[in-house]
Amino acid sequence: MPQSPRLALLASPADRAQEAEAALVASHDWVPLEEADIVVVLGGDGFMLQTLHHMLDTGRVIPAYGLNLGTVGFLMNRHKATRPIAERVAKARGVDVAPLWMEAVTHGGEKYSSWAINEVSLLRETRQTAKLEVSVNGKVRMPELSCDGVLVATPAGSTAYNLSANGPILPLGSAMLALTPISPFRPRRWRGAILPESCEILFRSLEAKKRPVSVVADQKEVRDVSEVRVSAARNHRLTLLFDKGKSLDERIFAEQFLV
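Residues numbered from 1 in each chain as written. Predicted model: local features only at pLDDT ≥ 70, side-chain atom pairs only at ≥ 80, totals over all residues. Heavy atoms only, no water.

Named according to an unreviewed UniProt entry, the protein chain is NAD kinase originating from Novosphingobium sediminis. Note on the protein chain: under the UniProt heading Cofactor (unreviewed entry), the record states "a divalent metal cation". Taken directly from UniProt, the Subcellular location (unreviewed entry) text for the protein chain runs: "Cytoplasm". (UniProt positions renumbered as here; feature names shortened; annotations may be inferred.)

In structure tokens form, the structure reads like this:
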């Protein structure tokens, strides 16, 4: 008889998540995260992203099953249910998500790197419009993009900031990335591009000192960047678990028909 997976329980500091954790503690024989096969995450999408980032940073990635105690809960499952948590996790279906890897260089020469599960976004820091050169796979595709910013989104993140910036929704199995401008000024009619996830995208800040630009990888920000390189980390895929019929790909599909 196969052994049941060992479960760890993580809760955000928010009151609702802490209350839910107290109610769940006695319902299962939990183990520390370091010993677990699956982690149950209590909170919202932000806390789920923090948990996924922690696993990527520590190099120990296990499937994550989220229970929504936040607001939107796009990456989470419904909290209230009659079935025991172990049964829900056992019957859940996994969805693989490839994160982004971002490498940035400031105009002072400092180097930074970070993961992003949703998107990497470049944003102007002042009232001055940002001016960016955009290259894909070593070839300059746009010598000068004048804008408030630009972002690269994964399929999992395509319904977040990317959608608010009028970017395309990408199905999970598409193996594509969305390259989306934020309030483009020149070229005014450019609405972005859909690229294979095998692409490497390089942004160079033009007039970096006069028009400072920051980069944000999910929740990590680096200011005054001169160059940002973004690629999909296809060898570091994450697994999110969802109740049957509530998968992430179904939610992404449904978003395309909301009015």
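K.L.:
Break down the sheet that holds strand S17 (residues 238-242) for me, citing the residues and quoting the values.
P.N.:
Note: strands within a sheet are paired through backbone hydrogen bonds, in either parallel or antiparallel orientation. Strand order across the open sheet formed by five strands is S1-S2-S3-S17-S4, with mixed pairing between neighbours. Looking at which strands have only one partner, the edges of the open sheet turn out to be strand S1 (7-11) and strand S4 (93-97). Neighbour to neighbour, the strand axes of the sheet diverge by 30 degrees on average, direction disregarded. With five bridges connecting them, S1 and strand S2 (residues 38-43) associate as parallel partners. By the bridge assignment for S2, leucine 9 is matched with valine 40. (Pairing = 2+ DSSP bridges. Helix = DSSP H or I, 4+ residues; strand = E, 2+ residues; numbered from the N terminus. Axes fitted to C-alpha atoms, helices over the stretch in contact; angles between N-to-C directions.)

K.L.:
Could you give an account of helix H5 (residues 248-255), naming the residues involved and the relevant values?
P.N.:
For H5, the full list of buried residues reads Leu248, Arg251 and Ile252. Buried residues of H5, viewed axially, fall in a sector of 100 degrees; they line one side. Turning to H5, the residues buried within the fold contact S4 and S17. (Buried < 20%, exposed > 50% of the residue type's maximum accessible area, 1.4 Å probe, protein only. Arc of directions from axis to C-beta. Contact = heavy atoms within 4.5 Å.)

K.L.:
Describe the pattern of salt bridges, listing the residues and the values that go with them.
P.N.:
Should the charged atoms of two oppositely charged side chains come close, the side chains can pair. The tally for this structure, following the rule as stated, stands at 14 salt bridges. For lysine 131, the salt bridge identified is with glutamate 207, shortest N-O distance 3.8 Å. A residue pair is termed long-range when its members are at least 10 positions apart, and lysine 131 in strand S8 (residues 130-136) and glutamate 207 in the loop between strand S13 (200-206) and strand S14 (213-217) qualify at 76 residues. You can call lysine 131 buried: its relative accessible area is 18%. Measuring nitrogen to oxygen at the nearest pair gives 3.0 Å for the salt bridge that ties arginine 229 to glutamate 200. Here glutamate 200 lies in strand S13 and arginine 229 lies in strand S16 (residues 225-232), a separation of 29 residues in the sequence. On the accessibility criterion, arginine 229 (26% relative accessible area) is partly exposed. Judged by relative accessible area, which is 33%, glutamate 200 ranks as partly exposed. What emerges from the salt-bridge pattern is a single network uniting Glu133, Glu200, Arg204, Glu227 and Arg229. (Salt bridge = Lys/Arg side-chain N within 4 Å of Asp/Glu carboxyl O.)

K.L.:
Explain the packing of aromatic side chains to me, using residue names and the numbers behind them.
P.N.:
Using the criterion set out here, one finds one aromatic pair in the structure. Sitting over the face of the ring of phenylalanine 185, arginine 186 holds its NZ or CZ atom 4.5 Å from the ring centroid. (Phe/Tyr/Trp six-rings, centres within 6.5 Å; stacked < 30°, edge-to-face > 60°. Lys NZ or Arg CZ within 6 Å of the ring centre and 35° of its normal.)

K.L.:
Mind laying out the UniProt feature "active site" (unreviewed entry) in the protein chain, listing which residues take part and the relevant values?
P.N.:
UniProt feature "active site" (unreviewed entry): in the numbering of this structure it lies at Asp45. If you trace the backbone, aspartate 45 turns up in helix H2 (residues 45-58). Each residue touching aspartate 45, except ones within four places of it in the same chain, is listed here: Val72, Gly73, Phe74, Leu75 and Met76.

K.L.:
Tell me about the UniProt feature "binding site: NAD(+)" (unreviewed entry) in the protein chain, and please be specific about residues and values.
P.N.:
Sequence positions flagged by UniProt for "binding site: NAD(+)" (unreviewed entry) are, in local numbering, Asp45, Gly46, Asn118, Glu119, Asp148, Ala156, Thr159, Ala160, Tyr161, Asn162, Leu163 and Ser164. Over a stretch of 120 residues, the named residues are scattered through the fold, their C-alpha atoms separated by up to 25.5 Å. Looking at the secondary structure, you find glutamate 119 in strand S7 (residues 119-124). With relative accessibility at 8%, the residue glutamate 119 sits in the buried group. Once you skip the residues sitting within four places of it in the chain, glutamate 119 turns out to touch Leu100, Val152, Ala153, Gly157, Ala160, Tyr161, Val216, Ala217 and Asp218. With respect to the helices and strands, leucine 163 occurs in helix H4 (residues 161-164). Accessibility expressed as a relative area gives 30% for leucine 163, which makes it partly exposed.

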